[in-house]
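# Examination of the molecular architecture
So the chains spell out like this:
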Amino acid sequence: MSATMDPVTTASMTATPRMIAQAATQPERRSSPDVSIIIISFNTRDLLRQCLTSVLEVASSIHHEILVVENASRDGSAEMVKAEFPDVQLILSDVNLGFGNANNVALAQARGRYFVLLNSDAFLAPGALELAVQHMDQHPDCGLGGALLVGRDGAWQPSARTFHSVIGDAIVLTGLSGKFPKSRLFGRFDRTWANPNDPAPVDWVPGAFSIVRPEALHKIGRFDPAFFLYYEEVDLCRRLNRAGYKVWYWPDIIVTHIGGESSRQLKALEFSGAAAQVALWRMRSTLLYYRKHHGSSVRFALWMEQALYTATVLRNSISSDPRRKERKRHFQAMLRLLRQAWTDTDGGRISPPRPW
């Protein structure tokens, strides 16, 4: 589970030759591009089409290459890219590699001066790439930079964050961060106390958009493949920080993020099988992260989350209100998932077989 390990799986090894076969049909480029834009695709065909169309428009004035890792989608995403975007380097995987591991496959092939990691549901504003390259050129000690994330309505989304801690996570899970966003204590995780228009060095930035210095990755390694989904960018930024690199938040780089917008609209008590699966993935990654960076303190992270869920179950056990009964069932399910995550990861020591 070394942080510097590159992904060595059957899926990633078989993906590379497919990419080379497609890339061979492209015109030969005599110099390295300024940016390699990497997009991970998983059953987002229509959004991916919009994203690629937008990228081609925004990136027209900068020397670039685009790499799409097709993560075993079943919605025709790969066929769409082949037919409509022949200049895109398409990497095919037979299985879902996860976010970080899929990026690793593309990062091994990328040739740009900088690497731009972009979600398929994220859209760059005009001039965003030029500004990102300019900032990286002006900050040679920056290993990774992030942008101002907004929804389609222009509403702010969390764009720069503080590293996880047991107390910080408890503040978020109890809802105190939402009740007191301007407090430096309660609003510290999402930095809601700070002026979003002020650039600043930060702990980490969300993975919807980032620009990365290749030399930094050569020093610390790529994404840790132990994280299938969630915490992979937190872990990467933490390793950059320990290696002496800074992570910057630049609000003049504006990225519209549809996924963040839709996640805000989810109702807390909607707990389908898919939602439960995602919750389990988050819990597994939480335990892996705490064990890796905080050692035996992972138990405090477990106990804190268990205590909050148990308290919620007890608080809703004495009511006959159907909504409170549903809330009780929801958090009983969360307790079961948390126990399963602890077992699956052996207390954060191992990553379960992928794909999760």
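Parameters at a glance
- Residues numbered from 1 in each chain as written.
- Predicted model: local features only at pLDDT ≥ 70, side-chain atom pairs only at ≥ 80, totals over all residues.
- Heavy atoms only, no water.
- Helix = DSSP H or I, 4+ residues; strand = E, 2+ residues; numbered from the N terminus.
- Buried < 20%, exposed > 50% of the residue type's maximum accessible area, 1.4 Å probe, protein only.
- Phe/Tyr/Trp six-rings, centres within 6.5 Å; stacked < 30°, edge-to-face > 60°.
- Lys NZ or Arg CZ within 6 Å of the ring centre and 35° of its normal.
- Polar contact = N/O pair within 3.5 Å; in protein donor to acceptor, adjacent residues only side chain to side chain.
- Contact = heavy atoms within 4.5 Å.
- Salt bridge = Lys/Arg side-chain N within 4 Å of Asp/Glu carboxyl O.

Another aspect to go through is unusual backbone geometry. Residue Pro355 follows Arg354 across a cis peptide bond; omega there is 0°. Within the element layout of this structure, Pro355 appears in the segment after helix H13 (322–344). Positive phi is not limited to glycine here, since Asn43 has a value of about 55°. Looking at the element boundaries, Asn43 is found in the loop between strand E1 (35–41) and helix H2 (45–58). Overall, Asn43 belongs to the partly exposed group, its relative accessible area being 29%. Positive phi values are uncommon outside glycine, yet Arg191 reaches one of about 55°. Position of Arg191 among the secondary structure elements: in the loop between helix H7 (176–179) and strand E7 (200–202).

Our focus in this paragraph is the packing of aromatic side chains. In the structure shown here, the tally under the stated rule is 10 aromatic pairs. On the numbers, 6.2 Å between centres and 10° between planes, the contact of Trp248 with Trp250 is stacked. Of the two residues examined, Trp248 and Trp250, each falls in the buried class. These aromatic residues form a ring-pair network of at least three members: Phe228, Trp281 and Trp356. Its end group placed over the ring of Trp193, Arg184 keeps NZ or CZ at 3.8 Å from the ring centre. The ring of Trp356 has Arg284 sitting right over it, with the charged end atom 5.1 Å from the ring centre.

Attention now moves to the side chain of Asn71. Structurally, Asn71 can be placed in strand E2 (residues 64–71). When its relative accessible area of 2% is taken as the criterion, Asn71 is described as buried. For Asn71, the side chain forms a polar contact with the main-chain nitrogen of Leu97, separated by 2.9 Å. Each residue touching Asn71, except ones within four places of it in the same chain, is listed here: Ile40, Ser41, Phe42, Ser93, Val95, Asn96, Leu97, Gly98 and Ala102.

This brings us to the environment of Ala341. The residue Ala341 is located in helix H13 in this model. When the C-alpha positions of Ala341 and Arg284 are compared, they lie 5.0 Å apart, and in sequence the two are 57 residues distant. Not counting residues within four places of it along the chain, the set of residues in contact with Ala341 comprises Leu280, Met283, Arg284 and Leu287.

So, on to the pattern of salt bridges. Under the definition given, this model contains 16 salt bridges. The salt bridge involving Arg113 is made with Asp34; its shortest N-O contact spans 3.4 Å. With Arg113 in the loop between helix H4 (99–107) and strand E4 (114–119) and Asp34 in the loop between helix H1 (10–23) and E1, the pair connects residues that are 79 residues apart, well separated along the chain. Classification of Arg113 as partly exposed rests on a relative accessible area of 36%. Of the charged contacts in the structure, one is a salt bridge between Asp224 and Lys292, with a shortest N-O distance of 2.7 Å. Linking Asp224 in the loop between helix H8 (214–220) and helix H9 (232–242) with Lys292 in helix H11 (residues 273–294), this pair joins segments that are 68 residues apart in sequence. Within this structure, Arg45, Asp46, Arg49 and Glu84 form a network of salt bridges that share partners.

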